[in-house]
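Close look at the chain arrangement
As a plain string of letters, each chain reads:
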Amino acid sequence: MHTVRTEVRVEGVVQGVGFRPFVYALATGLGLTGLVGNDLDGVFAEVEGPEAAVAEFLGRLELQAPPLARIERVTTRALRPVRSASFVIAASESQTGLRRTLISADTATCADCLRELADPADRRHEYPFINCTNCGPRFTIVRDVPYDRPLTTMAPFTMCERCAAEYHDPADRRFHAQPTCCPACGPRLRLQSQPGLKTQLGLDHHENPIQAAAELLRRGRVLAVKGLGGYHLAADAACEQAVAALRQRKHREDKPFAVMAADLAAAAELAEVDEAVAALLTSPARPIVLLPRRPGTTVAQATAPGNRQLGVMLPYTPLHHLLLAAVARPIVLTSGNVSDEPIVYRDDEARSTLKGIADAFLTHDRAIHVRTDDSVARSFRGRPMLLRRSRGYVPEPLAVATGFPRPVLACGAELKNTFCLARGRHAFVSQHIGDLENAETLRSFTEGIEHFRRLFDIDPEVVAHDLHPEYLSTKYALELDLPAEGVQHHHAHIASCLADNGETGPVIGVAFDGTGYGTDGTIWGGEFLTAGLAAFERGGHLAPVPMPGGAAAIRQPWRMAAAYVADPEVARRHQDHWPAVIAMAAKGINSPLTSSAGRLFDAAAAILGVRDAINYEGQAAVELEQLADPAETRPYPAAVEAGVPFTIRGSDLLHAVIEDRTDGVPAPVIAARFHHGVAALIEAGCLLMRERYDLGTVALSGGVFQNLLLLSATVARLEARGFRVLLHSRVPCNDGGISLGQALVVASREAASRS
Ligand code: ZN
Ligand code: ZN
Ligand code: FE
């Protein structure tokens, strides 16, 4: 048979994921000779043998790749056969020049490691840091590239002989697994408790920190646990007193806590788990998944007060697996911080910040290099929808077909900030940075940008920013010595939705959110745009109203109610401030105009008596959604006023709310009718847009679409009208997706101006 030799190049996430041993096993299994190695671009191989066997090799290369590999491109080239005698793994060469290899995200403990963890005969039995090529920490321990142990936070741990042997054996699952370690040579766990606590609780006899920590939890204590991307705070989820204490010490009034359950069966006892949800919960990224809560479970009321949803996650490190098994019931696991500060990740910082909250610390000596929060997702119509894209997903790039003609840095928005560095066809969206208002978050932002620049070797030639002059991300962008380009907030939302779906538009973009700076200097947020990646036009929007007191109107939804309608009940509740607020709005003093859909929800919530002041962003709308009666589907009507742009009168919905309330209609029915009213006005707006611009596809973006009731009702209406509807999946519809949108818009403008 004809002998051939083929050169194969594989690009993508192919280093540090067991790709070379996989190629070695595949080639030798097929009787091929040649070599495999790593270089700057990824993995290269030369395979030689009968033509059919080489074809078989190429076919299986993508199909059977190791679990963490993300193959982006395979190219082949025919070579002259050299009659090589065997197949070898070539040594890595020192890597200088443009780096194109990618770093994997942190990955949940794999089934093989779990088996060893549970096996009393295994040398890593119950070792909380077990990992292998297919699982374990990655992004959170990487200090620099190339991804090699000395450049990770595993550097201080010298591998013992047995670990080193595994690390160097191509046939071993730990071949070139950088965080390889064992109880003899790796990180160690310890439990630090307040002086005397262990004695007081009679836990002195516990040698095993996991067992002692579990006992503390079972006795209603609050525990700080060092995780992958930061410290968590843990409490027994069934213990009302413990969860309430955690809430009070953390100064977190109402925002829901997530719960970690030991496995799928335990999760299914707390919430409804269908097949798509099960896949998401057990995926290697292990996000927190928002699920419909089961009534009558043992989860403490204080976990997610007044919420029909529960955020559930499964263990993703060996430490979590051991702890959950020892506690033998679900635990609350929430970010280790005080109120709105970012999650703490340094040991000294954890001790000082969390000492007033946690009774004990379950900690270890492997440093966390990058603060990374848990990701948050939900499943919508069987498809995952990320609400916070962070641990488990970052830093894997999003492939963008249209590409980036010049390397770009996009600085994102102010709240739920992420940044994005993009080059070629890769967009690297950062982990969730948070709200840029505090110094510590701003530091994560600036250091994060430097870190990503180094890791992915991207030297931006242009910087994209929001139009809002006061955003700290905008100020940062303008201080750089680079050409800066402003991108309108809602255009960025729609561009990110297009990118998420691999489309370029033009589409009808419905961008409904809380706040975004408009091109006319007013605050937008209830927008109907006709948008492609490069440009947009404002086709219509909610009728603007004043926001009396500016930011104060965001914190106090009753002010929005006052701005919209003269409701005697709200006026009575706030009679001391009412006249001043009304006068402020009427005269336009410190009352910027807004077309925000978020503010319309706030006004409805206040009128319905749901919430007059909020403790976290979007709280009034969240509670209004929770209140709504799922059986009620009648919408309130809202008038459209023709024009370019057209406007839709949100106040009509609020008058209907007041009327029904006066007639004694139950609040859940009113809340539902309001939601369906907003869905109906979106439908009406899209019909007008279709008529005017002859477009049949709608992209939905903006934080308001985190509202599941609104989203379902809107999609159903639009589809019934024959629209194709694009939704977010891989990047959040909220401001976490803004940086990707900004990067795309700037790249597309450049491409458009060149052609
Ligand atoms: Zn593993
Ligand atoms: Zn070892
Ligand atoms: Fe937004």
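Keep in mind it's a predicted model, so treat the numbers as computed, not measured.

**What to know about the environment of Tyr-231**
Its place among the elements puts Tyr-231 in strand S8 (residues 231–236). The spacing of Tyr-231 and Thr-334 is 103 residues in sequence and 8.7 Å in space, taken between C-alpha atoms. Looking at Tyr-231, its side chain comes within polar contact range of the side chain of Thr-363, at 2.8 Å.

**Describing the coordination of the zinc ion (ligand 1)**
Only Cys-110 (SG), Cys-113 (SG), Cys-132 (SG) and Cys-135 (SG) from the protein coordinate the zinc ion (ligand 1), and they sit 2.3 Å from it. For the zinc ion (ligand 1), the four donor atoms are set out with angles of 102 to 121° between them, so the coordination reads as tetrahedral. The motif formed by the donor residues of the zinc ion (ligand 1), counted along the single chain, is C-x2-C-x18-C-x2-C. You can see Cys-110 sitting in the loop between strand S5 (87–89) and helix H3 (111–118) and its partner Cys-135 sitting in the loop between H3 and helix H4 (161–168), a full 25 residues away along the chain.

**Thoughts on the packing of helix H12 (residues 439–455) against helix H13 (residues 472–479)**
Interhelical geometry of H12 versus H13 gives an angle of 40° and a closest axis separation of 11 Å. Of the possible angle classes, the one that applies to H12 and H13 is oblique. Between H12 and H13 the crossing geometry is right-handed. Judged by residue contacts, Leu-442, Phe-445, Thr-446, Ile-449 and Glu-450 of H12 engage Leu-472, Ser-473 and Tyr-476 from H13.

**So, the sheet that holds strand S18 (residues 462–466)**
Judged by pairing direction, the sheet is mixed, and its four strands sit side by side in the order S17-S16-S18-S19 without closing on themselves. The outermost strands of the open sheet, each flanked by one partner alone, are strand S17 (420–429) and strand S19 (484–487). The sheet shows a mean angle of 60° between the axes of neighbouring strands, direction not considered. Where H12 meets the sheet, its contacts fall on strand S16 (398–410) and S17, and the angle it forms with S17 comes to roughly 155°. Here H13 sits on the sheet and contacts S16, S18 and S19; the angle it forms with S18, its principal contact strand, is near 155°.

**Thoughts on the side chain of Lys-226**
Relative to the elements of secondary structure, Lys-226 occurs in strand S7 (residues 223–226). What makes Lys-226 buried here is its relative accessible area of 1%. Of note is the side chain of Lys-226, whose polar atom sits 2.9 Å from the backbone oxygen of Arg-366. Setting aside anything within four residues of it in sequence, one finds Lys-226 in contact with Tyr-231, Leu-319, Asp-347, Leu-362, Thr-363, His-364, Arg-366, Ala-367 and Ile-368.

**What about the nonpolar core?**
Counting 67 residues, the largest nonpolar core has Val-510, Phe-512, Phe-528, Phe-674 and Leu-700 as its most contacted members. With residues near it in sequence (within four places) discarded, Val-510 still touches Ile-494, Glu-527, Phe-528, Ile-682, Cys-686, Val-698, Ala-699, Leu-700, Ser-701 and Phe-705. Cys-110, Leu-117, Ile-141 and Ala-213 belong to the second-largest nonpolar core, a separate cluster that totals 49 residues.

**As for helix H7 (residues 240–250)**
Within H7, the full set of buried residues consists of Ala-242, Val-243, Ala-245, Leu-246, Arg-247 and Lys-250. Where H7 is buried, its residues touch S8 and strand S12 (331–335). With its phi angle positive at about 55°, His-251 sits one or two positions after the end of H7.

The rules behind these values
The numbering scheme is per chain: residues are counted from 1 as the chain's sequence reads. The lettering of chains begins at A and the numbering of ligands begins at 1, in the order of writing. Where totals are concerned, whole chains, interfaces and linings use all residues; where local detail is concerned, this predicted model gives features only for residues with pLDDT of at least 70, and gives and counts side-chain atom pairs only at 80 or more. Excluded from the side-chain calculation are hydrogens and water; included are all heavy atoms of the structure. Helix and strand definitions here come from DSSP, where helices need a minimum of 4 consecutive H or I residues and strands a minimum of 2 consecutive E residues; each element is numbered from the N-terminal end. Counted as a polar contact is a pair of N or O atoms within 3.5 Å, where, for protein atoms, one must be capable of donating a hydrogen and the other of accepting one, and residues adjacent in sequence contribute only when both atoms are in side chains. Atoms are scored as donors when they are N, O or S and lie within 2.8 Å of the metal, with 3.2 Å used for Na, K and Ca; no water is included, so coordination may look incomplete. Any site counts as irregular unless it has four donors with all angles between 85 and 135 degrees, making it tetrahedral, or four or six donors with opposite ones more than 155 degrees apart and the rest between 65 and 115, making it square planar or octahedral. Fitting a line to C-alpha atoms yields each axis, with helices limited to the stretch in contact; the angle taken between N-to-C directions then spans 0 to 180 degrees. Roughly parallel refers to an angle under 35 degrees, roughly antiparallel to one over 145, roughly perpendicular to one between 65 and 115, and oblique to any angle outside these ranges. The crossing is said to be left-handed when, going from far helix to near helix, the turn is anticlockwise and less than a right angle, and right-handed when the turn is clockwise. Whether two residues are in contact is decided by their heavy atoms: any pair within 4.5 Å suffices. A strand pair is defined by DSSP finding two or more bridges across the two strands. Remark: exposure states derive from per-residue accessible area (1.4 Å probe, protein chains only) relative to the maximum for the residue type, with buried under 20%, exposed over 50%, and partly exposed in between. Residues belong to a common nonpolar core when they are buried Ala, Val, Leu, Ile, Met, Phe, Trp, Tyr or Cys residues joined through side-chain atoms within 4.5 Å.

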